[in-house]
Amino acid sequence: RMMESPRSLREPNRNTTMQSIVGINHTKEEDVGDSGAIWKLPEILLYQIAQFCSPPTERAAFFCHKIAPLCRASYKAILVQDEKSGSGLWDLVLQGDYGVNKEKELRATARRRSCKRLKRSPVYQVRDAHKLMIDNTELAYFYLWELSCSSSPKSKNCLTKMKLVRILDKFGPCLMLNKTVSSGGTFLVEVCRSRNATAHTILKCCEELVEQRGALVNKPTNEASNSTLTPLCVASVRGMPKVVEYLLSKGAFTDTKCSGRFRLHTNPKKTIRCSKSSPLEFSQAMLAAEEKEGAKSSDLVDLKNCIKILQLKLDLKREARKQDR
């Protein structure tokens, strides 16, 4: 997508804001030579601006779709590059966002003969690195899905923190953990709904994804129009109070509307579906369904604790709003 025409992906409001920040009101056809323009800044400073304005793995799109379309001069400075200028910026993107060490590649190519006609621009190298990262993310999610869907708790394919780290290291170091994959799932939600993993294992895996890998706790899935789940919703419905407390400590939203279907603990043949419900409402519906099926009170302790934690969080928010008024 980074090499497509920027007109189809450009948003007028955001570009207007960007132009006001940069201080440019020129059209594309104008050839601007302003020395104070943002694309005239040193490459390291321009990359630091991109780090502030966009998350990792999206800085190349920031240059291609936010800076380059401003005018003809910016397009030439960012995308039209020759051997003498312009490659330093994309080398920084390659190394900072995709973990590609340019020096090692140059040493490797120096050992073998190469044709100048076949040398690729750094822009195309970033595009290839981005495509490779997307493929690696899909593969990593597939292996994680296999672990989370293990049919037996004693199986060798059951999810553990060590296995999760191995998958992330094998296909990493740069993965799109905060983007939905082709199936619509996210890494953090997939960990939270792992079938036969213990709550302690799921908590350790969540800590690894959030603290070490930078996963966002509020990123929902998009598997279908009637299936949108957040990690907090999955953890609360499944009755994992420690995971719920951890996600709330990391800023998880309690009012996000979720939709989906869960199996009952007492009778796995039956399911419960909720549409556009908060994690608290979803958990309360699960509790009512479990009690209707005759679940013992001792089996519902964790689920009730999750409901109490969410209810307490909502009460604290309401009190804070009243004090602000």
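Refer to the structure presented above.
### Things to note about the overall build of the protein
Helix and strand content of the protein: 15 helices and 2 strands. By residue count, 41% of the 325 residues in the protein fall in the buried class. Of the contacts formed within the protein by residues at least 6 apart in sequence, a portion of 67% connects residues at least 24 apart.

### Structural notes on helix α9 (residues 161-171)
For α9, the set of buried residues is L164, I167, L168 and F171. Along the axis of α9, the buried positions cluster into a sector of 95°, meaning they face one direction only. Exposed residues pointing more than 90 degrees away from the buried face of α9 are listed as M162, R166 and K170. On its buried face, α9 is in contact with α8 (122-148), α10 (187-192) and α11 (199-212).

### Regarding the packing of α11 against helix α13 (residues 241-249)
The geometry of α11 relative to α13 is characterised by a closest axis approach of 9 Å and an angle of 15° between their N-to-C directions. Viewed along their axes, α11 and α13 adopt a mutual orientation that is roughly parallel. The interaxial crossing formed by α11 with α13 has right-handed handedness. Between α11, through A199, I202, L203, C206, E207, V210 and E211, and α13, the contact on the second element is made entirely by K242, V243 and Y246.

### Examining the pattern of salt bridges
Tallied over the entire structure, the rule returns 10 salt bridges. For the salt bridge of R193 with E223, the shortest nitrogen-to-oxygen distance reads 2.4 Å. Of this pair, R193 sits in the loop between α10 and α11 while E223 sits in the loop between α11 and α12 (231-237), placing them 30 residues apart in sequence. Between R318 and D315 there is a salt bridge; the shortest N-O distance is 3.9 Å. Taken together, the residues R318 and D315, both in helix α15 (residues 301-324) and 3 residues apart, mark about one turn of the helix. Look at R318 and you get partly exposed, because its relative accessible area is 48%.

### Describing the packing of helix α14 (residues 279-292) against α15
Between α14 and α15, whose axes approach to 10 Å, the crossing angle comes to 150°. By the angle class used here, α14 and α15 are roughly antiparallel. Considering how the two elements wind past one another, α14 and α15 form a crossing that is left-handed. Of α15, the residues touching α14 (which contributes P279, L280, S283, Q284, M286, L287 and E291) are L303, K304, I307, L310, Q311 and L314. When its residues are assigned to classes, the contact of α14 with α15 shows 8 nonpolar, 3 polar and 2 charged.

Calculation criteria
Positions within a chain are numbered from 1, following the residues in the order the chain's sequence is written. In keeping with the predicted nature of the model, local features appear solely for residues at pLDDT of at least 70, side-chain atom pairs appear and are counted solely at 80 or more, and the whole-chain, interface and lining totals rest on all residues. Derived side-chain values reflect all non-hydrogen atoms in the structure, with water molecules and hydrogen atoms excluded from consideration. Elements are defined by DSSP. Helices are runs of H or I of four residues or more, strands are runs of E of two residues or more, and each kind is numbered from the N terminus. Each residue's exposure class comes from its accessible area (1.4 Å probe, protein chains only) as a fraction of the maximum for that residue type: buried when under 20%, exposed when over 50%, partly exposed otherwise. Here, residues are in contact when the closest pair of their heavy atoms is within 4.5 Å. The arc in question is traced by the directions running from the helix axis to the C-beta atoms. What counts as an axis is a line fitted to C-alpha atoms, over the stretch in contact for a helix, and the angles between N-to-C directions run from 0 to 180 degrees. Note on angle classes: values under 35 degrees are labelled roughly parallel, values over 145 roughly antiparallel, values of 65 to 115 roughly perpendicular, and the remainder oblique. Helix crossings get a hand from a simple test, with the near helix turned counterclockwise from the far one by less than a right angle marking a left-handed crossing and a clockwise turn marking a right-handed one. For salt bridges, the criterion is a side-chain nitrogen of Lys or Arg within 4 Å of an Asp or Glu carboxyl oxygen. Side-chain classes follow a simple rule in which Ala, Val, Leu, Ile, Met, Phe, Trp, Tyr, Cys and Pro form the nonpolar group, Asp, Glu, Lys and Arg form the charged group, and the remainder, Gly included, forms the polar group.

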